[in-house]
Amino acid sequence: MSDRLFIFDTTLRDGEQVPGCQLNTVEKIQVAKALELLGVDVIEAGFPVSSPGDFNSVVEISKAVTWPTICALTRAVEKDIDVAAEALKFAKRGRIHTGIGTSDPHIKYKFNATREEIIERAVAATKYARRYVDDVEFYCEDAGRTENEYLARVVEAVIKAGATVVNIPDTTGYCLPDEYGAKIKYLMEHVDGIHKAVISTHCHNDLGMATANTVQGVLNGARQVEVTINGIGERAGNTSLEEVAMIFKSHKECGIATNIATNKIYSTSRMVSSLMNMPVQPNKAIVGRNAFAHSSGIHQDGVLKNAQTYEIINPKDVGIDDNAIVLTARSGRAALKHRLHVLGVELEQEKLNKVYEEFLKLADRKKDINDDDVLMLVGKDRTAMHRIKLEYLQVTSGVGVQSVASICLNLSGVKRYEAAAGNGPVDAGIKAVKKAICNSDMTIQEFLIQAISKGSDDTGKVHMQVEYKGAVYYGFSANTDIIAASVEAFVDAINKFIVE
């Protein structure tokens with residue numbers, strides 16, 4: 001019989017802390033529903049006290065999701081816990097996730113406290129949270145760098161205080177796999193009452209070992225893993241949900257089973273990537289574009305003879321279907337609706353009609369439409385409420401010719417026409433936008449262009465980081481015209497700080 005491993009997804013909390021990847025409440029609900037279909041056991045929906053937006057997201061996700069536990073993060077502070085409890089009032093199954101730093105650097109420099117004082121605060125926070133919910137998870141922040149004997153004392157104390165789950169985060173991604181596994185094993189062997197709670201892993205990828213550390217944690221007794229779709233998260237990211245799920249599905253000898261419907265992994269990955277405007281690296285394990293591609297002649301020969309020679313995972317097991325319907329300009333609404341359904345997106349008829357109109361326009365410019373194109377079309381309505389819109393762009397450029405851009409911006413209903421010369425067509429377009437809004441105090445800090453698939457007719461994604469008055473804002477656009485996509489991304493960024 002397999003041991004049950006609980007999947008705690010923190011895409012909407014830890015994952016969303018990536019700069020430029022913030023979602024609105026509607027988008028968070030869309031992701032939460034996809035996570036529910038995927039089979040995630042716990043959804044960490046946000047940090048309610050941090051902002052009204054996070055509070056509202058926890059409330060609305062609690063209403064929208066049926067069976068997964070909805071978790072809200074707090075510090076070991078009574079006000080945090082009060083606000084989290086209020087946000088969870090509609091959750092069918094609610095969990096408060098509270099905690100405090102336990103490593104010596106945190107105790108000394110962050111809290112200016114003693115080890116005993118930290119234990120007292122940990123116990124008090126756990127007991128306070130239990131007044132609201134029966135399911136309380138306690139995190140020992142920076143447990144990876146916490147001395148094992150002291151960590152065991154903290155874990156034992158919070159379990160006695162009522163914690164049902166105890167999270168052992170490698171907050172800085174510092175641990176080696178053997179070291180992290182040994183830490184979990186030490187707790188399993190030295191904490192009185194350890195079996196009254198579920199021990200959880202939460203590993204970061206700063207040294208590229210998040211998944212390896214998580215697996216070692218599970219093999220040594222942890223029965224919950226805290227993960228994100230595509231491994232997104234602060235700095236180098238978190239443990240990847242899809243990697244952990246497929247490791248234990250592939251290695252049945254480990255005797256570990258999850259509730260993950262693995263055939264929904266790929267579509268969920270694409271949805272999160274699209275909504276958060278965060279590309280998946282081509283060589284990303286499980287969900288990267290090249291994860292099942294074989295270019296070596298020897299590999300190709302082997303795969304053609306028998307896929308098991310070089311493929312340890314059947315692509316269909318993660319939802320990649322080689323026989324998927326190809327969308328073209330001749331495809332109807334039914335084909336588009338079916339593809340959206342496969343990708344986990346359900347649209348009302350009115351919205352579907354609008355997306356279909358945009359789909360036909362794109363299909364006229366591009367031979368085949370892939371999943372990323374479809375998800376890009378669904379997300380285009382996010383710019384509909386922008387105060388500043390690009391209505392017209394014409395660029396003249398070439399070898400030996402000065403690049404000049406002419407634009408028309410709609411500024412809250414007022415149209416402004418401008419032209420500017422620049423060092424290339426994109427620079428000319430950006431300068432024309434600055435002239436139209438009468439503001440040049442903006443600097444592009446990062447400018448990334450990514451092709452969705454292949455070909456000169458491909459849709460290009462542009463990610464742009466713009467600095468304005470010391471703050472950084474993120475813009476995004478996708479278009480078969482890469483110059484237009486670049487100017488649209490710039491306009492998307494300035495909409496986040498320009499107020500008419």
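Okay, so let's go over this structure. What you are looking at is a predicted structure, and each value in this text was computed from that prediction instead of being measured.

**Regarding the nonpolar core**
Okay, so step 1: Counting residues in each nonpolar core, the largest one holds 113 residues, and the members touching the most others are Val155, Val166, Ile168, Ile265 and Leu336.
Okay, so step 2: Broken down by element, the residue count for this core peaks at eight residues, all from helix 6 (residues 148-160).
Okay, so step 3: Setting aside chain neighbours within four positions, we find Ile168 in contact with Ala143, Leu151, Val155, Tyr180, Lys183, Ile184, Leu187, Ile199, Ser200, Thr201 and His202.
Okay, so step 4: Within the second largest apolar cluster, 23 residues are counted, among which are Ala420, Met442, Val462 and Val487.

**Overview of the environment of Asp481**
Okay, so step 1: Relative to the elements of secondary structure, Asp481 occurs in the loop between strand 16 (471-479) and helix 16 (482-494).
Okay, so step 2: In this structure the C-alpha to C-alpha distance between Asp481 and Lys461, which are 20 residues apart in sequence, comes to 9.9 Å.
Okay, so step 3: A distance of 3.0 Å separates the side chain of Asp481 from the backbone nitrogen of Ile483, its partner in a polar contact.

**Observations concerning the sheet that holds strand 9 (residues 224-227)**
Okay, so step 1: The strand order around the closed barrel formed by eight strands is 2-3-4-5-6-7-8-9, and the pairing between neighbours is parallel. Between one strand axis and the next, the sheet turns by 25° as a mean value, whatever way the strands run.
Okay, so step 2: Pairing analysis gives two bridges linking strand 2 (residues 6-9) to strand 3 (residues 42-46), with the strands arranged parallel. Residue pairing across strands places Asp9 opposite Ile43, the latter belonging to strand 3.
Okay, so step 3: Seen against the sheet, helix 7 (residues 177-190) touches strand 7 (165-170) and strand 8 (198-203) and runs at an angle of roughly 160° to strand 8.

**Points about a nonpolar patch on the surface**
Okay, so step 1: A contiguous nonpolar patch, built from Ile444, Phe447 and Ile449 and spanning about 240 Å² of accessible area, is present on the exposed surface.
Okay, so step 2: Residue position: Ile444 is located in strand 14 (residues 443-451).

**Considerations on the packing of aromatic side chains**
Okay, so step 1: Using the criterion set out here, one finds five aromatic pairs in the structure.
Okay, so step 2: Ring geometry for Phe138 versus Tyr139: centroids 6.4 Å apart, planes at 20°, classification stacked. Of the two residues, Phe138 and Tyr139, both sit in the buried class.
Okay, so step 3: Here the aromatic residues Tyr468, Tyr473 and Phe497 are joined through ring pairs into a cluster of three or more.
Okay, so step 4: Lying over the aromatic face of Phe90, Lys63 brings its terminal NZ or CZ to 4.7 Å of the ring centre.
Okay, so step 5: Its guanidinium or amino end placed over the ring of Tyr150, Arg115 lies 4.6 Å from that ring's centre, counting from NZ or CZ.

**Side note on the sheet that holds strand 11 (residues 388-398)**
Okay, so step 1: Judged by pairing direction, the sheet is antiparallel, and its three strands sit side by side in the order 11-12-13 without closing on themselves. Each having just a single partner strand, strand 11 and strand 13 (414-422) make up the two edges of the open sheet. If you compare each strand with its neighbour and ignore which way they point, the axes differ by 15° on average.
Okay, so step 2: Two strands pair when backbone bridges link them, and strand 12 (residues 401-411) and strand 13 are joined in this way by nine bridges, in the antiparallel orientation. By the bridge assignment for strand 13, Leu409 is matched with Arg416.
Okay, so step 3: Across the sheet, helix 15 (residues 425-436) is in contact with strand 11, strand 12 and strand 13; its angle to strand 13 comes to roughly 140°.
Okay, so step 4: In this fold helix 16 packs onto strand 11 and strand 12, with an angle of close to 145° to the strand it touches most, strand 11.

**Looking at the environment of Ile70**
Okay, so step 1: Residue position: Ile70 is located in strand 4 (residues 69-73).
Okay, so step 2: When the C-alpha atoms of Ile70 and Leu336 are compared, they prove to be 32 Å apart, with 266 residues separating the residues in sequence.
Okay, so step 3: The contact partners of Ile70, leaving out residues within four places of it in the chain, are Ile43, Ala45, Ile61, Ser62, Val65, Leu88, Ala91, Arg93, Gly94 and Arg95.

**Let's talk about the pattern of salt bridges**
Okay, so step 1: By the definition in use, this model includes 25 salt bridges.
Okay, so step 2: One salt bridge connects Arg75 with Asp80, and the closest N-O pair in it is separated by 2.7 Å.
Okay, so step 3: The exposure class assigned to Asp80 is buried, which follows from its relative accessible area of 2%.
Okay, so step 4: Among the charged side chains, a network of salt bridges with common partners joins Arg13, Asp14 and Glu44.

**A word on empty space enclosed by the protein**
Okay, so step 1: Enumeration over the complete set of coordinates arrives at two cavities of 30 Å³ or more.
Okay, so step 2: Of the pockets and cavities examined, the second largest cavity occupies roughly 30 Å³.
Okay, so step 3: Lining the second largest cavity are Lys337, Leu340, Val345, Glu346 and Leu347.
Okay, so step 4: When grouped by side-chain class, the residues that make up the lining of the second largest cavity number three nonpolar, no polar and two charged.

Scoring rules and cut-offs
- Residues numbered from 1 in each chain as written.
- Predicted model: local features only at pLDDT ≥ 70, side-chain atom pairs only at ≥ 80, totals over all residues.
- Heavy atoms only, no water.
- Core = buried A, V, L, I, M, F, W, Y, C linked by side-chain atoms within 4.5 Å.
- Buried < 20%, exposed > 50% of the residue type's maximum accessible area, 1.4 Å probe, protein only.
- Helix = DSSP H or I, 4+ residues; strand = E, 2+ residues; numbered from the N terminus.
- Contact = heavy atoms within 4.5 Å.
- Polar contact = N/O pair within 3.5 Å; in protein donor to acceptor, adjacent residues only side chain to side chain.
- Pairing = 2+ DSSP bridges.
- Axes fitted to C-alpha atoms, helices over the stretch in contact; angles between N-to-C directions.
- Patch = residues over 30% accessible without salt bridge, like charges linked within 9 Å, V, L, I, M, F, W, Y side chains within 5 Å.
- Areas by Shrake-Rupley, 256 points an atom, 1.4 Å probe, with all protein chains shown as cover.
- Salt bridge = Lys/Arg side-chain N within 4 Å of Asp/Glu carboxyl O.
- Phe/Tyr/Trp six-rings, centres within 6.5 Å; stacked < 30°, edge-to-face > 60°.
- Lys NZ or Arg CZ within 6 Å of the ring centre and 35° of its normal.
- 1 Å grid on protein atoms, 1.4 Å probe; cavity = no way out; pocket = protein on both sides within 12 Å on 5 of 7 lines; lining within 4 Å.
- Points joined across faces, edges and corners; volume = space filled by probe spheres on them.
- Nonpolar A, V, L, I, M, F, W, Y, C, P; charged D, E, K, R; others polar.

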